[in-house]
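Given next are the chains, with one letter for each unit.
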Amino acid sequence: MSWIADLLRTPLWGRLPRGMLDRWRDRRVRDLVEHARRTIPFYRSLLEAHGIREGRVRGVADLPLLPPVAKSALRVAGRRAFARDVPPHLARTWSTSGSRGEPLVVPVRHRDLARFQAVNHHSLARNGYRPWHRGLSLGSQAFRFENPLAGLGLFRWTWVDPVRPVEEWLDVYHRLRPHAVHAYPSALREFCLAARAAGGLRWRPRLLTTGGEFRTPDVVRLAREVFGQAPLDQYGAVEAGRIAFECRAREGLHVRVDAVHVEILRHGRPAPPGEPGTVHVTALHMPCMPFIRYRLGDTAEEVPGPCSCGLWWPRIRLLTGREGETIDLPGGRRVPLTALGAVAGACAGIRRYRFVRAGEREIVLRYVLRAGGPEPGPELAAELASRLPGVRVTTEKVSHLPLTRTGKAAWGGEGTS
Ligand SMILES: [Zn+2]
């Protein structure tokens, strides 16, 4: 029952000596690679193709022997990327949101989910959350699980479906009076606009966190105004669970070294601290479908030096959203959609928006107007166009913008609607 021991160790790792955690991580990586070789055809072929013999990967330091793995390769591999020794009744499947293309189906066991939840809750606990607090999740799937301890009044999270009207979210919020709120940034923005229009909040949570989408500065400003606090960011992915979390020092996000190994690579090599690279993750707790040196695609940089909060876990800073969330301009320039999101997000009349690429030199901003909200003027398209030289920018008011299957507003993409 080593998984129970792992589960119970989750809140302790931040206090135990670093050497102990490093040895445990090396063992996890070694076991994961050998498990992948034994039971997963995709990885067996990959290891063979790179001449990596049994026992060669002894720990974290040997991971670069393996090549980075792209999502598309796993999608093509299909069931050849699943472990063969997982009985179907022990597993359920998850799926990535697909907001950047086709979703990826990921099998997980119930015990892996329990560990995900332990890591999730502990990331909040580092910032003051306690198991008996009431939690409200706006859109985010991170805390949306049946919890056997909820009957004892522990780890109680209420989930609000972002497809429902925003007035319902406010009702649930005021009825529940949550101690902790976790939200997709797009949902938090909608919530703050509606709360402000309704005269503000009568209850304020102790902890406000965001995750699941890249967060633009306008969301932080709105949250400060409406909740009296800036949200702390949580970084995760279906493929790896919670990857990193922001502490109250707000000097970057601490990597969950007890759950993942993160590499920031540029042209296949580690990017120096303070310089941007692409996030690659090795999930230490995903035996049903291992993700080893998996390219997540977000751009981040390593934050050098110790954090003033005292936790030694390394830190990263997220720089833009995933690669699908950038616009390639003629001439090789790349503009993150988040830079445009900051412009659209600053229009209080806009309830929800999405950027759609209509052609090589054409971008459309589709938006839904908030009830009674002011119509954005022509300066909106002009402001966007000034950030996209050589690109035609138009705006289009629509009555409805569907969310992705996991409730994200989706920043945009090629031809998505
Ligand atoms: Zn810190």
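## Quick word on the overall build of the protein
Point 1. Within the protein one finds 10 helices and 20 strands.
Point 2. For the protein, with 417 residues in total, the buried portion stands at 54%.
Point 3. The contacts of the protein with a sequence gap of at least 6 include a subset with a gap of at least 24, amounting to 62%.
Point 4. Summed over all atoms, the accessible surface of the protein reaches about 18500 Å², with 53% contributed by carbon and sulfur.

## Here we look at the pairing of strand β3 (residues 134–138)
Point 1. Counting buried positions along β3 yields four of five residues, so the element is predominantly enclosed.
Point 2. Of the pairings in the sheet, the one linking β3 to strand β5 (residues 180–183) comprises four bridges and is parallel in character. When the bridges of β5 are listed, Leu 136 appears paired with Val 181.

## Quick word on helix α7 (residues 185–197)
Point 1. End to end, α7 covers 18 Å across 13 residues, agreeing with the expected 18 Å (1.5 Å per residue, within 8%).
Point 2. The buried count for α7 comes to 11 of 13 residues, which makes it a mostly enclosed element.
Point 3. Along α7, the positions that sit buried rather than exposed are Pro 185, Ser 186, Ala 187, Leu 188, Arg 189, Glu 190, Phe 191, Cys 192, Leu 193, Ala 194 and Ala 195.
Point 4. Immediately beyond the C-terminal end of α7, within one or two residues, lies Gly 199, with a positive phi of roughly 100 degrees.

## Details of the pattern of salt bridges
Point 1. Taken as a whole and assessed by the stated rule, the structure comprises 21 salt bridges.
Point 2. One salt bridge in this structure joins Arg 351 and Glu 190, with 2.5 Å as the shortest N-O distance. Here Glu 190 lies in helix α7 and Arg 351 lies in strand β17 (residues 350–359), a separation of 161 residues in the sequence.
Point 3. Salt-bridge contacts for Arg 315 lead to Glu 251; the nearest nitrogen and oxygen are separated by 3.6 Å. Residue Arg 315 is found in strand β14 (residues 315–320), and its partner Glu 251 is found in the loop between β8 (241–246) and β9 (253–255); the two are separated by 64 residues along the sequence.
Point 4. Relative accessible area serves as the criterion here: at 4%, Arg 315 is assigned to the buried category.

## Re the nonpolar core
Point 1. Among the nonpolar cores identified, the biggest contains 59 residues, and Tyr 43, Leu 74, Tyr 235, Ile 243 and Phe 291 are the most heavily contacted of them.
Point 2. Looking at which element gives the most residues to this core, the answer is helix α2 (residues 18–39), with six residues.
Point 3. One finds Leu 170, Tyr 173, Phe 191 and Val 226 within the second-largest nonpolar core, a separate group that totals 26 residues.

## With respect to the side chain of Arg 352
Point 1. Structurally, Arg 352 can be placed in strand β17.
Point 2. Arg 352 gets classed as buried once you look at its relative accessible area, which sits at 9%.
Point 3. Engagement of the side chain of Arg 352 in a polar contact is seen with the backbone oxygen of Leu 401, the distance being 3.2 Å.

## Examining the environment of Ala 348
Point 1. If you trace the backbone, Ala 348 turns up in the loop between α9 (337–345) and β17.
Point 2. Assessed through its relative accessible area of 26%, Ala 348 is described here as partly exposed.
Point 3. Residues Ala 348 and Gly 373, 25 residues apart in the sequence, show an inter-C-alpha distance of 7.1 Å.
Point 4. Contact partners of Ala 348, with chain neighbours within four places excluded, come to Leu 193, Arg 196 and Arg 370.

## What about the packing of α7 against helix α8 (residues 217–227)?
Point 1. As a packed pair, α7 and α8 sit with axes 9 Å apart at the nearest point and diverge in direction by 40 degrees. When the interaxial angle is binned, α7 and α8 end up oblique. The hand of the α7/α8 crossing is left-handed. Mapping the contact onto sequence places Pro 185, Leu 188, Arg 189, Phe 191, Cys 192, Leu 193, Ala 195 and Arg 196 in α7 and Asp 218, Val 219, Leu 222, Ala 223, Glu 225, Val 226 and Phe 227 in α8.

## Overview of the confidence of the model for the protein
Point 1. Mean pLDDT over the protein stands at 87; residues scoring 70 or higher make up 89%.
Point 2. For residues 413–417, every residue scores under 50 in pLDDT, and the model assigns this stretch 12 contacts once sequence neighbours within four places are set aside.

Thresholds applied
- Residues numbered from 1 in each chain as written.
- Predicted model: local features only at pLDDT ≥ 70, side-chain atom pairs only at ≥ 80, totals over all residues.
- Heavy atoms only, no water.
- Helix = DSSP H or I, 4+ residues; strand = E, 2+ residues; numbered from the N terminus.
- Buried < 20%, exposed > 50% of the residue type's maximum accessible area, 1.4 Å probe, protein only.
- Contact = heavy atoms within 4.5 Å.
- Areas by Shrake-Rupley, 256 points an atom, 1.4 Å probe, with all protein chains shown as cover.
- Pairing = 2+ DSSP bridges.
- Expected span 1.5 Å × (residues − 1).
- Salt bridge = Lys/Arg side-chain N within 4 Å of Asp/Glu carboxyl O.
- Core = buried A, V, L, I, M, F, W, Y, C linked by side-chain atoms within 4.5 Å.
- Polar contact = N/O pair within 3.5 Å; in protein donor to acceptor, adjacent residues only side chain to side chain.
- Axes fitted to C-alpha atoms, helices over the stretch in contact; angles between N-to-C directions.
- Parallel < 35°, antiparallel > 145°, perpendicular 65-115°, else oblique.
- Left-handed = near helix turned anticlockwise from the far one by under 90°.
- pLDDT = per-residue confidence, 0-100.

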